[in-house]
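The residues making up each chain are set out below.
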Amino acid sequence: MFKKTALALAAVVSFASTAMADSQDTAISALKAEDVKFTVEGDKIYTEWENDCVIIIKANDENKTFNVGGYARTAVPQEKRDKALRILNEMNCKYRLKYYLDEDGDVFVQNAMDFDDMVLSEKAVITTLYLVAKALQEAREEMMKVRYGS
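Residues numbered from 1 in each chain as written. Predicted model: local features only at pLDDT ≥ 70, side-chain atom pairs only at ≥ 80, totals over all residues. Heavy atoms only, no water.

Q: Would you mind going over the overall build of the chain in detail, with residue names and values included?
A: Each helix and strand in the chain was counted, giving 4 helices and 7 strands. Overall, the chain shows an N-to-C arrangement of helices and strands of α-β-α-β-β-β-β-α-β-β-α. For the chain, buried positions account for 49% of its 150 residues. For the chain, the share of sequence-separated contacts (at least 6 apart) that also reach a separation of at least 24 residues comes to 63%. If you sum the accessible surface of the chain, you get close to 7900 Å²; carbon and sulfur atoms cover 50% of it. (Helix = DSSP H or I, 4+ residues; strand = E, 2+ residues; numbered from the N terminus. Buried < 20%, exposed > 50% of the residue type's maximum accessible area, 1.4 Å probe, protein only. Contact = heavy atoms within 4.5 Å. Areas by Shrake-Rupley, 256 points an atom, 1.4 Å probe, with all protein chains shown as cover.)

Right, dumping it as structure tokens:
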């Protein structure tokens, strides 16, 4: 369904939990409570946002990880990528998130929050989801300015 799933799942938020179904169920329950539209494909939960942005959530109890990453199809042309990378580098310094472009010029955002030795909560799911979604929207807007600007 989404070709860039593997790249978007590099961000990691750690948590302690007892079973895969429990952590995935917690994430699903949180999304339902917030009326966020989503689809589940195996161990991945996809949420689509405005402007062609996608956030992917993946729970992995074996590795004690809860992954949230996102991407936006921005297709920044090769000749404008230096400017785009300078902007993303400034955003990397400003926020505790990782921003980068892939080979197609699409922007990715990853979170870098750590929840060692804690049980995954619905609040943690929603907070992380909205943090990445907001950052992704901002990065997308900046990349569109670069793409269509001079």
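Q: Go over unusual backbone geometry with me, naming the residues and quoting the values.
A: Here the phi dihedral of Asp35 falls at roughly 55 degrees; this positive angle occurs in a residue that is not glycine. Within the secondary structure, Asp35 is located in the loop between α2 (20-33) and β2 (39-41). Positive phi is not limited to glycine here, since Ala75 has a value of about 45 degrees.

Q: Which residues make up the environment of Val68, and what values go with them?
A: Of note, Val68 is situated in strand β5 (residues 65-72). Residue class for Val68 comes out buried when judged on its relative accessible area of 1%. In this structure, the C-alpha to C-alpha distance between Val68 and Gln110, residues 42 residues apart in sequence, is 6.8 Å.

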